[in-house]
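# Residue-level structural notes
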Amino acid sequence: MASYDCSKCPAYCCSYDRIIVNKRDLNRLAKHFDVDVEVARKRFTKTVDGEQVLRHQKDNVYRSVCMFLDTKARRCTIYNARPGVCHEYPDFSRCGYYDFLKWERTQQDDETFVPLTWK
Ligand code: SF4
Ligand code: SF4
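Residues numbered from 1 in each chain as written. Chains lettered and ligands numbered in written order. Predicted model: local features only at pLDDT ≥ 70, side-chain atom pairs only at ≥ 80, totals over all residues. Heavy atoms only, no water.

### A closer look at the site of ligand 2
The immediate surroundings of ligand 2 are formed by Cys 14, Ile 19, Leu 54, Cys 66, Phe 68, Leu 69, Cys 76, Ile 78, Arg 82, Pro 83 and Cys 86. Taken together, the residues that form the shell around ligand 2 break down as 10 nonpolar, no polar and 1 charged. (Near = heavy atom within 4 Å. Nonpolar A, V, L, I, M, F, W, Y, C, P; charged D, E, K, R; others polar.)

### Focus: the packing of aromatic side chains
Inspection of every chain in the model, using the stated rule, returns 9 aromatic pairs. Relative to Tyr 97, the ring of Tyr 62 lies with its centre 6.4 Å away and its plane at 80°, an arrangement referred to as edge-to-face. In this pair, Tyr 62 is assigned in the loop between strand 3 (56-59) and strand 4 (63-66) and Tyr 97 in helix 4 (residues 96-108), connecting sequence segments 35 residues apart. Among the residues examined, Tyr 62 registers a relative accessible area of 8% and is labelled buried. A network of ring pairs unites the aromatic residues Tyr 12, Tyr 16, Tyr 62, Tyr 89, Tyr 97 and Phe 100 as a single cluster. Sitting above the plane of the Tyr 79 ring, Arg 82 keeps its charged end 3.7 Å from the centroid. (Phe/Tyr/Trp six-rings, centres within 6.5 Å; stacked < 30°, edge-to-face > 60°. Helix = DSSP H or I, 4+ residues; strand = E, 2+ residues; numbered from the N terminus. Buried < 20%, exposed > 50% of the residue type's maximum accessible area, 1.4 Å probe, protein only. Lys NZ or Arg CZ within 6 Å of the ring centre and 35° of its normal.)

### A short note on the pattern of salt bridges
The full count for this structure, using the stated rule, is 6 salt bridges. The salt bridge partner of Arg 18 is Glu 51, with a shortest N-O separation of 2.7 Å. With Arg 18 in the segment before helix 1 (23-33) and Glu 51 in strand 2 (residues 51-54), this residue pair connects regions lying 33 residues apart in the sequence. Given a relative accessible area of 25%, Glu 51 falls into the partly exposed group. With a shortest N-O distance of 3.1 Å, Arg 28 and Asp 25 are connected by a salt bridge. Of the two residues, Arg 28 and Asp 25 are both situated in helix 1; the distance of 3 residues between them amounts to about one turn of the helix. (Salt bridge = Lys/Arg side-chain N within 4 Å of Asp/Glu carboxyl O.)

### Focus on the nonpolar core
Counting residues in each nonpolar core, the largest one holds 12 residues, listed as Ile 19, Val 21, Leu 26, Leu 29, Ala 30, Ala 40, Phe 44, Leu 54, Cys 66, Phe 68, Ile 78 and Ala 81. Secondary-structure elements contributing two or more residues to this core are helix 1 and helix 2 (37-44). It is helix 1 that contributes the most residues to this core, 3 residues altogether. Excluding residues that lie within four positions of it along the chain, Leu 29 makes contacts with Phe 44, Leu 54, Phe 68, Ile 78 and Ala 81. (Core = buried A, V, L, I, M, F, W, Y, C linked by side-chain atoms within 4.5 Å. Contact = heavy atoms within 4.5 Å.)

### With respect to the packing of helix 1 against helix 2
One can describe the packing of helix 1 onto helix 2 by two numbers: an axis separation of 8 Å at closest approach and a directional angle of 100°. When the interaxial angle is binned, helix 1 and helix 2 end up roughly perpendicular. Here Leu 26, Asn 27, Leu 29, Ala 30 and Phe 33 of helix 1 come into contact with helix 2, specifically with Val 37, Ala 40, Arg 41 and Phe 44. Tallied by class, the residues present in the contact of helix 1 with helix 2 amount to 7 nonpolar, 1 polar and 1 charged. (Axes fitted to C-alpha atoms, helices over the stretch in contact; angles between N-to-C directions. Parallel < 35°, antiparallel > 145°, perpendicular 65-115°, else oblique.)

Keep in mind these values describe shape, not function.
Right, here's the structure in full:
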């Protein structure tokens, strides 16, 4: 069973620079938004070091996050159409960032404290 609770986390994993999108992910995104695959590729992704990754938007918590994150609710707006890497993450029953977050919140005695912010 997972020992992390994404509903108590401001979606740190969605701030990663390289959220990789493969062909299948792109097809899913195109279908979800009812646009051509090429339109989806241009609108939602960019190429970094030869890899296709999701575009970002500005964020008050982590400076920059995936364009599909609702920055107020801190939730994915395309949950059912999200790329495979998002679906699989964090791969294990633990999330390293969540452990860190919990530890910091205990130290600060503040259940809403968020470490690693850019401000
Ligand atoms: S960083 Fe971990 S706890 Fe936070 S949203 Fe991502 S998977 Fe969930
Ligand atoms: S697609 Fe959704 S889950 Fe994946 S990084 Fe973007 S907001 Fe997070």
